[in-house]
Amino acid sequence: MLFRSLIVEKLDPAPDSDAEDAALLDGIEPQTLPSGERFFLGLAIGEGEKRVSLSELNLDRERLLEYDIVRAVARAGAKSKPVIGLMTPLPAFGSRGMPQMGMPPSEKWAFINELERDFEIKQIGFDTKAIDAEIKTLLVVHPRGISEGALFALDQFVLRGGRLIAFLDPKAYFDPLGPMMGSPGGTSSTLEPLLKAWGIEYKEDKVLADLRYLSGAGPRAMPAVLTLQDEAMNPDEVATQGVGRLLFAFTGAFGGKPAAGLTQSVLLRSSQVSMMIESAIAAEPGEKSVRGFKPSGAEQAIAIKLLGKFPTAYPDGIKEGPEQRLKEATAEGAVILVGDSDFVQDGAAVQIGEVFGRRIVVPANGNLAFAQAVIDQMAGATDLIRARARAVVSRPFTLINEMEARAAQDYIGRIAELEENLQKTQQKLQELQKARGPNASTSTLTAEQQTERDADGCVSGPEGHRLAAPCIACGSHDECGGRGVDAAQHEALEQPDRLQCAEGLRLPREPVGDDTDERGDDQHRPGADAV
């Protein structure tokens, strides 16, 4: 695709204007301010009659702005939908089922419906000997039982610079073939010859268990059913930006060291509190699946991306293979490997309901968003494959931030000083109380305690807090709620039995000792509703 010229036109869609009509026709959606005013901030790219729109530009996708613009330009210049190949033994396009063998009919996956909006999908069988030249991007989902000829075709496809996406699985829970083979939800798949040539290790009989990302709790906890959060995703990769939580059930993990000429980046990873367990016990809930659990102490790669010139897995070819074959890469290829295939199936990715006879499909998590982002990036322009999310541009108010930091520092320092003084005073009072003996009255202050009280403004004792000086309204030493409020901060309320401090704290006028105060009267007894 090549644009000879690029014309940039800026419009101000004022209300009831031609520019507003043009923005709406191009798919630019208005945004509303809290005041009710509307504004437009979007982008429409077109060539001829074709239009591709970014309906709104917002901060949530700031890191992907350049990627989104380049992708929109590429789509606007494309004459037709890109073609991607799909190779899978699973009923991705739906099936009539085999009721006599316990296999019910099934609908087309929501994942396939979403892909068909942007791509033309061409199905490829597992008995293929070559991948058509028109297919630049190939998706392989759970390749159980793949033939040597099909493996060789994948090898040649990558050598010529093809883009391969493979969803492998050590325990395909939703594979309908499982119950028919006597192993419900237990079929596995791999691309062992290719992975070995690329330097990648993958054990199809091992499942990843992670105590940080486990699903459920208590006896129903499933350490092998992972709910992956943002911490499990590479923040620098386009495919993992803003996808939300992911649900990966019984996924595998990748290890090893990429072969010479290949670079690897991890898209999804486990926590360090993880280990590989036998797939046979992975579906057991609670303690059974983690018996003898020993964390590896290292993060496991759940999804990886390989770029570069790939070595061949068949330097000598295969039996009954084509005479003309590639023995080395003629162009740089790209491969994305994911350790789970269940995550794109309806049972893990969507919630399906029915409203007035219509089938309603709602995403249950970010699984489909992640899968679509991976395919969209691989099927786009060559430069998009290596695209990475740009760093967030921060323009803080430095002066205000510095002022706030200084104020916080002064505040924290003052609080620490007050707490230290309070602690010292309480410690001294406790020492004085111990010196008086266990039988000494707790309602009468000693001369030493009186001195400490007057110095601190408020003394803490077994009976509560008292004011250091009498209240200016009534002359009483009343409780101050532990705030150390000086008497000068109080003022009399309309009620004769209450005080109120400057902060609005309402305090009862109750003597600490006897029922009467030091003046011998009982006018300061607290009311029944005293706070």
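Residues numbered from 1 in each chain as written. Predicted model: local features only at pLDDT ≥ 70, side-chain atom pairs only at ≥ 80, totals over all residues. Heavy atoms only, no water.

Topic: the overall build of the chain
For clarity, the cut-off: Here a strand is any run of E in DSSP of at least two residues, a helix any run of H or I of at least four, and the numbering for each starts at the N terminus. We call two residues in contact when some of their heavy atoms are within 4.5 Å. Exposure was quantified through the Shrake-Rupley algorithm and a 1.4 Å probe, taking into account, for residues, occlusion by the shown protein chains and nothing else.
Within the chain, the secondary structure is distributed over 11 helices and 27 strands. Restricting to contacts in the chain with at least 6 residues of sequence separation, those with at least 24 account for 64%. Accessible surface for the chain amounts to roughly 29700 Å². Of this, 51% is attributable to carbon and sulfur atoms.

Here we look at the environment of Arg 163
Short version of the rule: Throughout this description, a polar contact denotes any pair of N or O atoms lying within 3.5 Å of each other; where both atoms belong to protein, one of them has to be capable of donating a hydrogen while the other can accept it, and for residues adjacent in sequence the pair is counted only when both atoms sit in side chains.
Along the chain, Arg 163 falls in strand S8 (residues 163–167). Distance from Arg 163 to Leu 138, taken between C-alpha atoms, is 6.3 Å for residues 25 residues apart in sequence. Within the structure, the side chain of Arg 163 is placed 2.8 Å from the backbone oxygen of Met 378, a separation counted as a polar contact.

A few points about the packing of aromatic side chains
Rules: Any pair of Phe, Tyr and Trp rings, taking the six-membered ring for Trp, is counted once the centres come within 6.5 Å. Such a pair is stacked with planes under 30 degrees apart, edge-to-face with planes over 60 apart, and tilted for the rest. To sort residues, take the accessible area from a 1.4 Å probe on protein chains only and compare it with the maximum for the residue type: under 20% means buried, over 50% means exposed, and anything in between is partly exposed.
Applying the stated criterion across every chain, the model contains 8 aromatic pairs. Look at Tyr 173 and Phe 174: their rings are 5.2 Å apart centre to centre, the planes differ by 90°, and that puts the pair in the edge-to-face class. Under the relative-accessibility criterion, Tyr 173 is labelled partly exposed at 45%. Taking 4.7 Å as the distance between ring centres and 20° as the angle between the ring planes, the aromatic pair formed by Phe 248 and Phe 343 counts as stacked.

Quick look at unusual backbone geometry
If you check the backbone angles, Phe 250 has positive phi at about 55° while not being a glycine. Mapped onto the fold, Phe 250 is located in the loop between strand S15 (246–249) and strand S16 (254–256).

Focus: the confidence of the model for the chain
Inclusion rule: pLDDT expresses, on a scale from 0 to 100, how confident the predictor is about each individual residue.
Overall, the predicted model of the chain reaches an average pLDDT of 77, with 72% of residues at or above 70. With pLDDT under 50 throughout, residues 456–474 is counted as low confidence; its partners more than four residues away or in other chains account for 61 contacts. In this model, residues 479–531 is a region of pLDDT below 50 whose contacts with residues beyond four sequence positions or in other chains number 100 contacts.

Comments concerning the sheet that holds strand S14 (residues 222–228)
Spelled out, the test is: When DSSP locates at least two bridges between a pair of strands, those strands are taken to pair.
Reading across the sheet, the 3 strands line up as S13-S14-S15 and stay open at both edges, with antiparallel pairing between neighbours. Two strands close off the open sheet at either side, each with one partner strand: strand S13 (214–215) and S15. Judged from the 4 bridges that link them, S14 and S15 form a sheet pairing that is antiparallel. Each residue of the ladder has a partner; that of Thr 227, found in S15, is Leu 247.

Some thoughts on the pattern of salt bridges
Note the cut-off: For this analysis, a salt bridge means a side-chain nitrogen from Lys or Arg found within 4 Å of a carboxyl oxygen belonging to Asp or Glu.
One pass over the full model with this rule turns up 10 salt bridges. One salt bridge in this structure joins Glu 116 and Lys 108, with 3.1 Å as the shortest N-O distance. A residue is classified by how much of its surface remains accessible, and Lys 108, at 26% relative accessible area, is partly exposed. Two residues, Glu 420 and Lys 424, come together in a salt bridge whose shortest N-O distance is 3.4 Å. With Glu 420 and Lys 424 both in helix H10 (residues 398–436) and 4 residues apart, the pair spans about one turn of that helix.

Remarks on the packing of helix H3 (residues 110–118) against helix H8 (residues 367–378)
For clarity, the threshold we go by: Note on definitions: angles span 0 to 180 degrees between N-to-C directions of axes, and those axes are lines fitted to C-alpha atoms, for helices only across the stretch in contact. An angle below 35 degrees is read as roughly parallel, one above 145 as roughly antiparallel, one from 65 to 115 as roughly perpendicular, and any other as oblique. Note on convention: near helix rotated counterclockwise from far helix by under a right angle means a left-handed crossing. Clockwise means right-handed. Three classes are used: nonpolar for Ala, Val, Leu, Ile, Met, Phe, Trp, Tyr, Cys and Pro, charged for Asp, Glu, Lys and Arg, and polar for all others, with Gly counted as polar.
Their axes nearest at 11 Å, the elements H3 and H8 cross at an angle of 40°. Judged by the angle between their axes, H3 and H8 are oblique. Two packed elements cross with a definite hand, and for H3 against H8 that hand is right-handed. Residues Ala 110, Phe 111, Glu 114 and Leu 115 of H3 touch H8, and the partners they reach there are Leu 368, Ala 371, Gln 372 and Ile 375. Across the contact of H3 with H8, the residue classes break down as 6 nonpolar, 1 polar and 1 charged.

Structural notes on helix H4 (residues 148–159)
Definition in use: Multiplying 1.5 Å by the residue count of a helix minus one yields the expected span of that helix.
Helix length check: H4, at 12 residues, gives a terminal C-alpha distance of 17 Å against a target of 16 Å (1.5 Å per residue), a fit within 8%. Within H4, 11 of the 12 residues are buried, which leaves the element mostly enclosed by the surrounding structure. Those residues of H4 that fall on the buried side of the exposure criterion are Gly 149, Ala 150, Leu 151, Phe 152, Ala 153, Leu 154, Asp 155, Gln 156, Phe 157, Val 158 and Leu 159. In this structure, the buried residues of H4 make contact with strand S5 (83–87), strand S7 (137–141), S8, helix H6 (192–198) and strand S20 (333–338).

Quick notes on the nonpolar core
Rules: By nonpolar core we mean a set of buried residues, namely Ala, Val, Leu, Ile, Met, Phe, Trp, Tyr and Cys, connected to one another through side-chain atoms within 4.5 Å.
If you look at the biggest cluster of nonpolar residues, it comprises 44 residues, and the most contacted ones within it are Phe 111, Leu 139, Leu 228, Phe 248, Leu 268 and Phe 370. Setting aside anything within four residues of it in sequence, one finds Leu 139 in contact with Gly 85, Leu 86, Met 87, Phe 111, Leu 115, Ile 165, Phe 167 and Ile 375. Membership of the second largest hydrophobic core comes to 37 residues, among which are Leu 191, Leu 195, Ala 259 and Ile 318.

Re a nonpolar patch on the surface
Applied cut-off: Here the term patch refers to residues with relative accessible area over 30% and no salt bridge, with like charges joined within 9 Å and nonpolar side chains (Val, Leu, Ile, Met, Phe, Trp, Tyr) within 5 Å.
Nonpolar side chains collect at one region of the surface, where Val 355, Ile 360 and Val 362 lie side by side and expose about 210 Å² of accessible area between them. For Val 362, the position within the fold is in strand S22 (residues 358–363).

What about helix H1 (residues 18–25)?
Under the convention used in this document: Think of it as the arc spanned by the lines of direction from the helix axis to the C-beta atoms.
Among the residues of H1, those classed as buried are Ala 19, Glu 20 and Ala 23. Looking down the long axis of H1, one finds its buried residues gathered within 100° of arc, a one-sided arrangement. Among the exposed residues of H1, those pointing more than 90 degrees away from its buried face are Asp 18 and Leu 25. Close packing links the buried residues of H1 with strand S2 (38–39).

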